[in-house]
Every structure is written in structure tokens, then in C-alpha cells.
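One letter stands for each residue in the lines below.
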Amino acid sequence: GENVEQHPSTLSVQEGDSAVIKCTYSDSASNYFPWYKQELGKRPQLIIDIRSNVGEKKDQRIAVTLNKTAKHFSLHITETQPEDSAVYFCAARAIQGGSEKLVFGKGTKLTVNP
Amino acid sequence: EPEVTQTPSHQVTQMGQEVILRCVPISNHLYFYWYRQILGQKVEFLVSFYNNEISEKSEIFDDQFSVERPDGSNFTLKIRSTKLEDSAMYFCASSDVAVPQYFGPGTRLLVL
């Protein structure tokens, strides 16, 4: 089945710097890749997603890139702010047999230092 | 903006007891899911539910687990005889098509 690896597990940046989180997936048939932000004790919140027919998607300070050939996708946060501090999870949708499940990476704890 | 809601927010139970976790998905959504997250670990898929039946389940979702949509608004997860290793945060999610999926705030289950 699908397996998603996420790196780094922790990331510390200075306010205003950029942060990049990378994920790889194993199933070349996966076609949907969301990113969730989870603040301590709260729900995973969808922040951006990308489908396999698109190479890049941007929403203000957040962007996601997808390389289908290499089976990896990345989250880019520019001009980081302290409120960006959270755990970020990538996920992939495994589509074998019409599956709707999301397979998650292990998460990246991002700390933005003021 | 409509959100998925879950009750209770916390549940403490004794090993062997039954628990029912409740979710109210977003009202026009057709796909419902349960995921769990053991403390400090990644979110894991348990089960998906569509058209009043289970469409997919993981190996975690054994005979001790069941799901139900008892009425037009609630979606429940029942654990028949809880084990210590069932302690986790349980998230309900819903979607109108398969993706994107929107998560509820979770129920933190502690089995003693």
C-alpha cells in the first residue's frame, strides 16, 4: 500500500525566513496531496492541497510543489511568522480500488522564533 | 464556515468497557471517516463510510470497532471492549466528494 515519508521531523526558523518541508510517496497512482496544519490539541486543518495534474500551487505565503516523476512533494512557507508554529502533516490519497483514505506522513514540528 | 463537530472532547474509560464516540459531519457531505492519532504519532486511517456502508477499513479496524450513521446527522464510532492501546485521539472527518477531507476537533480517549 501507499507509504508517505516526511522530513524533517523538526524545523526551527527565524521569523521572516522560509521553511520547506518535504514528503515522498510510494504509490505512483496516488493523485491527491494535501497538507494539514495541527496546532497543539487542535484538529488537523487543511491549508493547501495539490492534484497530480498540477506541478505547483500557491496561496499567499504558502506553496506546494509536486514532482510526479520523483514521487515527492514539498510545502514552502515564506516570510514565516510565530503563528505558523505548529505540526505540519503531508498526506497522499491512495486510489487503489477507489480508496478515499488519506495516508499521512509522521509530521514536522515547525517552530518560528520571534 | 461549517465545521465537523465531535463529542465528547475527552473520554476516560476502564479497559474492557464500551465507548461510543460521536461526530456530526458537515451537513451536505456524503463521505465520512474515522482516523486516530496516538500521542506524538501520525494520523492513521481507520474506516471510511459512504452510502450507509463501510467502503474501506484498515487492519486496525477489527471486530471490536463498528461505525453507524443512526440518523441524518450523526456518525458514531463504537469500540466494544476497549484495550489500553486504544488510547488515542480519534478524529472524525467528512467530505462532499472523496477529497478534500475536513477534520473535527477530536475526542481524546484514555483507557485505564
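Heads up: these notes are all about the structure in this document. (Residues numbered from 1 in each chain as written. Chains lettered and ligands numbered in written order. Predicted model: local features only at pLDDT ≥ 70, side-chain atom pairs only at ≥ 80, totals over all residues. Heavy atoms only, no water.)

### Considering the sheet that holds strand 7 (residues 65–68) of chain B
Residues and elements named next belong to chain B. Within the open sheet, the four strands sit side by side as 1-3-8-7. Their pairing is antiparallel. The sheet is open, and its two borders are formed by strand 1 (5–7) and strand 7, each paired with just one other strand. Averaged over all pairs of adjacent strands, the angle between their axes in this sheet comes to 20 degrees, without regard to strand direction. With four bridges joining them, strand 7 and strand 8 (residues 75–79) adopt antiparallel strand pairing. For Ser66, the partnering residue across the bridge sits in strand 8 and is Lys78. (Pairing = 2+ DSSP bridges. Helix = DSSP H or I, 4+ residues; strand = E, 2+ residues; numbered from the N terminus. Axes fitted to C-alpha atoms, helices over the stretch in contact; angles between N-to-C directions.)

### So, the environment of Leu11 of chain A
Residues and elements named next belong to chain A. Within the secondary structure, Leu11 sits in strand 2 (residues 10–14). Owing to a relative accessible area of 19%, Leu11 belongs among the buried residues under this scheme. In this structure, the C-alpha to C-alpha distance between Leu11 and Arg43, residues 32 residues apart in sequence, is 21 Å. (Buried < 20%, exposed > 50% of the residue type's maximum accessible area, 1.4 Å probe, protein only.)

### Re unusual backbone geometry
The step from His7 of chain A to Pro8 of chain A runs through a cis peptide bond, and the omega angle for that step is -5 degrees. With respect to the helices, strands and loops of the structure, Pro8 of chain A is situated in the loop between strand 1 (4–7) and strand 2. Cis geometry marks the peptide bond from Thr7 of chain B to Pro8 of chain B, where omega comes out at -10 degrees. Mapped onto the elements of the fold, Pro8 of chain B is located in the loop between strand 1 and strand 2 (10–13). Positive phi is not limited to glycine here, since Gln60 of chain A has a value of about 55 degrees. Along the chain, Gln60 of chain A turns up in the loop between strand 6 (56–59) and strand 7 (62–67). Positive phi outside glycine occurs at Asn52 of chain B, with the angle close to 65 degrees. By secondary structure assignment, the location of Asn52 of chain B is in the loop between strand 5 (43–50) and strand 6 (53–57). Using a relative accessible area of 61% as the deciding quantity, one classes Asn52 of chain B as exposed.

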